[in-house]
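# Architecture and fold: a report
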2 protein chains.
Amino acid sequence: MSTYTAINLIARPGSNPIGPDLFEVVSKEIPQAGAGEILIRQTHMSLDPAMIGWMSPDTESYIPPVELGAVMRSSGLGEVVESNHPDFSVGDRVMGMFGWQEYALSNGQGVNKIDASLPADMVLSVFALPGLTATQGLLEIGKPKAGETLIVTGAAGSVGSIVGQLAKAEGLRVVGVAGGKEKCDWLVNELGFDAAIDYKAGNLEQRLAEETPNGIDLFFENTGGEIQSLIFERMNAHGRIVVCGLIADYTASKPAPGPSWMNLIKKRLTIQGYTMPDHLHKTPQLLEKLTPYVQAGKIKYRAHELEGLESAMEGLNYFLTGENKGKLLVKL
Amino acid sequence: MSTYTAINLIARPGSNPIGPDLFEVVSKEIPQAGAGEILIRQTHMSLDPAMIGWMSPDTESYIPPVELGAVMRSSGLGEVVESNHPDFSVGDRVMGMFGWQEYALSNGQGVNKIDASLPADMVLSVFALPGLTATQGLLEIGKPKAGETLIVTGAAGSVGSIVGQLAKAEGLRVVGVAGGKEKCDWLVNELGFDAAIDYKAGNLEQRLAEETPNGIDLFFENTGGEIQSLIFERMNAHGRIVVCGLIADYTASKPAPGPSWMNLIKKRLTIQGYTMPDHLHKTPQLLEKLTPYVQAGKIKYRAHELEGLESAMEGLNYFLTGENKGKLLVKL
């Protein structure tokens, strides 16, 4: 009888810092696939900023919180090792919400087959949640127009880096906000952003003025923080703001206030928040939009790979410290 | 040689309270209409909350500020008394941006003829800026659906009262926020709102919970103030917020902050600000939408009529104190 390892959430973040104290590592017996089921051996897990929100006890949010005592929720990539399901065969490579565990049972719902020739880090960095989120937010909601100026926060993150590159391919001036010189250099030198602003280097109001001389038409928000209101004040008439994430506030007991709505009237702005669960039914259409940019070499990515299931517990905290360099994933 | 009276803006609000100190009353010679011009004798002036914004020195707003020393900007109703313009005849009743003065010269641009059979207070209360603003904001931007819950602030004001009645006619649950028992009673007993909340009576969080048991789908914002963030927290998933005015902040040197954007993500909300100058070219289509409701007796109004040009200087302040009962206008 073989066993596998799983990690359960046992406490909420907030007063507790994000790390091993919130979790318990358990050993379980590897189950057998029942009628209509598949058994998946997970090979790679995705770590995403949204997971910090899923750990909070807020029952009013777009997705129910992970229950205490349950396996931590996450998406990942794996291989079918047993199948009693007509649509899946042993050996298929699949993606789905498999959670923090080495093996997962599924009835196939929400599980998608993935071309085995694509590198795992490319699948999780581009064709999974980050790419879908960037495509939906920028192209479907933000509606970028050539010649406009886009600013994206969390620009070196998994979503932000794709947003900026898509916008660049669409002919916009693209300014990224990221933490630290290394990330800023990567945005400009490797990804082709027009400029990058290091939010940790201060002088933000002047830096923004320098890098957005024609104001800002499109603001893609991933982080919150001090720069939010400064960007808001530089929005042009009829500007659009797409709110994808607010990582700076995910663990705050009381999130920081937002900017006054006065500028919404003066500049006739639109602000729209979204989350991907509302749009996952459009995955094929979103991939159809995204794929040509990837094939044309317009979308570069870098993965920050952690080793072993248990590394996930510390890894989540990288979103708060900014330690992650590119798309965070865990190799099992 | 006859003269007429005009009122110029000579100081900005802010440190100065809104009142006669910001203006000078001048006497001018009545001009003659030149080639292609008309001379209008103004009979009624409209006072609107937006005028307070036009007095501020903010050159970044949707419309340039009124220059110091210039006639105060306003819309009004009048009669053509001289015409050298092919489209206008002496005796025509017209509406336009005539300013705070008894006579105005115009080349006809932006001047519209008005059916002489309609009462003046109905024209200014319903078929002018208030009705256009309500129709654009609620029907075009808010996209109300029967069965939803709408909350409108400044509900007893010229725009808010029409927004609520249009939404009621569209089959929504309509809750108005207004200051004082008299206004709240008027909303419920005369205009047919489902409920009204007196923002001066306190207990706002509980009152909101009582009157919006199914949450809020559509928030039409005219005022700002303490209740804004409480309403924001009660928004339902996919709710829409239409920002038309923020009267509580128009004279603040630093407007109050807005709510955190966290709820925008959790509830996937859209917030949109708008001002009518962007939409005035659609006036015929907006009137086509609005008029059937008026003809069906669905839109009641009340005008608060001040007497004489000089009353406008004190009248503007009523928007800040809430003293106005219905659409403010000045009879010349």
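Bear in mind the structure is a predicted one, so any value in this text is a computation, not a measurement. (Residues numbered from 1 in each chain as written. Chains lettered and ligands numbered in written order. Predicted model: local features only at pLDDT ≥ 70, side-chain atom pairs only at ≥ 80, totals over all residues. Heavy atoms only, no water.)

### A look at the overall build of chain A
Operational definition: The numbering of helices and of strands both runs from the N terminus, where a helix is a DSSP run of H or I of at least 4 residues and a strand a run of E of at least 2. For every residue, the accessible area (1.4 Å probe, protein chains only) is compared with the maximum for its type, and the residue is labelled buried under 20%, exposed over 50%, or partly exposed between those bounds. In what follows, residue pairs with any heavy atoms lying within 4.5 Å of each other are defined as contacts. Exposure was quantified through the Shrake-Rupley algorithm and a 1.4 Å probe, taking into account, for residues, occlusion by the shown protein chains and nothing else. By the counting rule applied here, Lys and Arg register as positive and Asp and Glu as negative, while His and the ends of each chain are not counted. A charge is said to be at NZ when it belongs to Lys, at CZ for Arg, at CG for Asp and at CD for Glu.
The number of helices and strands found in chain A is 11 helices and 15 strands. Based on the C-alpha atoms only, the size of chain A along its principal axes is roughly 65 × 45 × 35 Å. For chain A, the residues scored as buried account for 56% of the 332 residues in total. Considering only contacts in chain A between residues 6 or more positions apart, those separated by 24 or more positions represent 66%. Total accessible area on chain A is roughly 13,400 Å²; 49% of this is exposed by carbon and sulfur atoms. Across chain A, the 28 positively charged side chains and the 38 negatively charged ones have centroids separated by 8 Å.

### Overview of the domain arrangement of chain A
Interface size is often expressed as the accessible area that is lost when the parts come together. All names here are of chain A. Filter applied, for reference: Those domain boundaries reflect an automatic or database domain assignment. When two parts are put together, the accessible area they lose, computed with a 1.4 Å probe and summed over both, is reported as buried area.
Split by domain assignment, chain A resolves into domain 1 (3–117 + 302–331) and domain 2 (129–278). Its C-alpha centre places domain 1 at a distance of 28 Å from the equivalent point of domain 2. On the domain 2 side, the residues contacting the 15 residues of domain 1 number 13 residues. Summed over both partners, the interface of domain 1 with domain 2 comes to about 1,300 Å²; 65% of that surface belongs to carbon and sulfur atoms.

### Concerning the interface of chain A and chain B
Going by this rule: By salt bridge we mean one thing: a side-chain nitrogen of Lys or Arg within 4 Å of a carboxyl oxygen of Asp or Glu. N or O atoms closer than or at 3.5 Å make up a polar contact, with two conditions inside protein: a donor-capable atom paired with an acceptor-capable one, and, for residues adjacent in sequence, both atoms drawn from side chains.
Facing the 37 residues of chain A at the interface are 37 residues of chain B. Counting across the chain A and chain B interface gives four salt bridges. Between Arg 268 of chain A and Asp 278 of chain B there is a salt bridge, with the nearest N and O atoms lying 2.7 Å from each other. Put simply, chain A and chain B have 11 residue pairs in polar contact (both at pLDDT 80 or more) between them.

### What to know about helix α5 (residues 181–190) of chain B
Residue and element names in this part refer to chain B. Put simply, the test is: The directions considered for the arc are those from the helix axis to the C-beta atoms.
Where α5 is concerned, the buried positions are Lys 183, Cys 184, Trp 186 and Leu 187. Down the axis of α5, the buried side of the element spans an arc of 160°, and every buried residue falls inside it. Exposed residues on α5 whose side chains face more than 90 degrees from its buried face are Lys 181 and Asn 189. Of the surrounding elements, those touching the buried residues of α5 are α4 (158–169), β9 (173–178) and β10 (195–198). Among the residues trailing α5, Gly 192 stands out with phi positive, at a value near 80°.

### Some remarks on helix α6 (residues 204–211) of chain B
Two residues of an α-helix separated by three or four positions point the same way, owing to the 3.6 residues in each turn. Residues and elements named next belong to chain B. Three or more residues of α6 are buried, namely Leu 204, Leu 208 and Glu 211. Within α6, the buried residues cover an arc of 75° as seen down the axis, which keeps them to one side. Those residues of α6 hidden inside the fold are in contact with β8 (149–153), β9, β10 and α7 (227–233).

### With respect to the nonpolar core
Note the following rule: Throughout, nonpolar core names a set of buried Ala, Val, Leu, Ile, Met, Phe, Trp, Tyr and Cys residues whose side chains join them through atoms within 4.5 Å.
Core analysis: the largest hydrophobic core is formed by 73 residues, its most contacted members being Phe 23, Leu 47 and Trp 100 of chain A. Looking at this core, the element that brings in the most residues is α7 of chain B, giving four residues. Other than its neighbours up to four places away in sequence, Leu 47 of chain A contacts Trp 100, Leu 306, Ala 312, Gly 315, Leu 316, Phe 319, Lys 327, Leu 328, Leu 329 and Val 330 of chain A.

### With respect to empty space enclosed by the protein
Residues and elements named next belong to chain A. We apply this condition: The rule is simple: put a 1 Å grid over the protein atoms alone, call a set of points where a 1.4 Å probe fits but cannot get out a cavity, call an open set with protein on both sides within 12 Å along at least five of seven lines a pocket, and count a residue as lining if it has an atom within 4 Å of a point. Grid points are joined across faces, edges and corners, and a volume is the space filled by probe spheres set on the points. Polarity classes work like this: nonpolar for Ala, Val, Leu, Ile, Met, Phe, Trp, Tyr, Cys and Pro, charged for Asp, Glu, Lys and Arg, and polar for all others, with Gly in that last group.
Applying the stated criterion across every chain yields a total of two cavities of 30 Å³ or more. Lining the largest cavity are Ser 125, Ala 156, Gly 157, Ser 158, Ser 161, Ile 162, Trp 186, Tyr 301, Arg 302, Gly 326 and Lys 327. Per-element accounting of the lining of the largest cavity gives the leading share, three residues, to helix α4 (residues 158–169). Looking at side-chain class alone, the lining of the largest cavity contains four nonpolar, five polar and two charged residues.

### Brief notes about unusual backbone geometry
Phi is positive for Asn 203 of chain A, which is not a glycine, with a value near 60°. If you trace the backbone, Asn 203 of chain A turns up in the loop between β10 (195–198) and α6 (204–211).

### Considering the environment of Thr 149 of chain B
Residues and elements named next belong to chain B. If you trace the backbone, Thr 149 turns up in strand β8. On the basis of relative accessible area, Thr 149 is assigned to the buried category, the value being 3%. Along the backbone, Thr 149 and Ile 271 are 122 residues apart, and their C-alpha atoms lie at a distance of 16 Å. Look past the residues within four positions of Thr 149 in its chain and what remains in contact with it is Arg 173, Thr 212, Gly 215, Ile 216, Asp 217 and Leu 218.

### Some remarks on the environment of Val 66 of chain A
Residue and element names in this part refer to chain A. By secondary structure assignment, the location of Val 66 is in the loop between α1 (50–54) and β4 (76–83). For the pair Val 66 and Arg 12, spaced 54 residues apart in the sequence, the C-alpha separation amounts to 9.5 Å. What Val 66 contacts, discounting residues up to four positions off in sequence, is Leu 9, Arg 12, Trp 54, Val 71, Met 72 and Arg 73.

### Describing the relation of the copies chain A and chain B
Short version of the rule: Superposition of the copies was done by least squares, using only C-alpha atoms of residues whose pLDDT is at least 70 in both.
For these two chains of identical sequence, chain A goes onto chain B by a turn of 180° and a shift of 0.0 Å along the axis, with RMSD 0.0 Å. The relationship between the two copies is best expressed as a two-fold rotation axis. Taken together, the interface assignments show that 100% of the residues at the interface of chain A recur at the interface of chain B, consistent with an identical surface on both copies.

### As for the sheet that holds β10 of chain A
Selection criterion: Each pair of strands is called paired provided DSSP finds at least two bridges between the two strands. For helices, the axis comes from a line fit to the C-alpha atoms of the stretch in contact; other axes are also lines fit to C-alpha atoms, and the angle between any two N-to-C directions lies between 0 and 180 degrees.
Spatially, 12 strands are ordered β10(A)-β9(A)-β8(A)-β11(A)-β12(A)-β13(A)-β13(B)-β12(B)-β11(B)-β8(B)-β9(B)-β10(B) in an open sheet, and the strand pairing comes out mixed. Every interior strand has two partners, whereas the edge strands, β10 of chain A together with β10 of chain B, have only one. This sheet shows a mean twist of 15° between the axes of neighbouring strands, independent of strand direction. Alignment of strand β9 (residues 173–178) of chain A against β10 of chain A, held across four bridges, turns out to be parallel. If you follow Val 175 of chain A over to β10 of chain A, its bridge partner there is Ala 195 of chain A. Seen against the sheet, α6 of chain A touches β8 (149–153), β9 and β10 of chain A and runs at an angle of roughly 175° to β10 of chain A.

### Focus on the state of the cysteines
Note the threshold: By definition, disulfides here are pairs of cysteine sulfur atoms that lie within 2.5 Å.
One pass over the full model with this rule turns up zero disulfides over all chains. Considering cysteine sulfurs only, Cys 184 of chain A is the nearest to Cys 244 of chain A, which forms no disulfide, with 19 Å between them.

### A closer look at the side chain of Ser 106 of chain A
Residue and element names in this part refer to chain A. With respect to the helices and strands, the residue Ser 106 is situated in strand β6 (residues 103–106). Within polar-contact distance, the side chain of Ser 106 engages the backbone nitrogen of Gly 108 at 2.8 Å. Excluding residues within four positions of it along the chain, Ser 106 makes contact with Gly 36, Glu 37, Ile 38, Ile 40 and Val 111.

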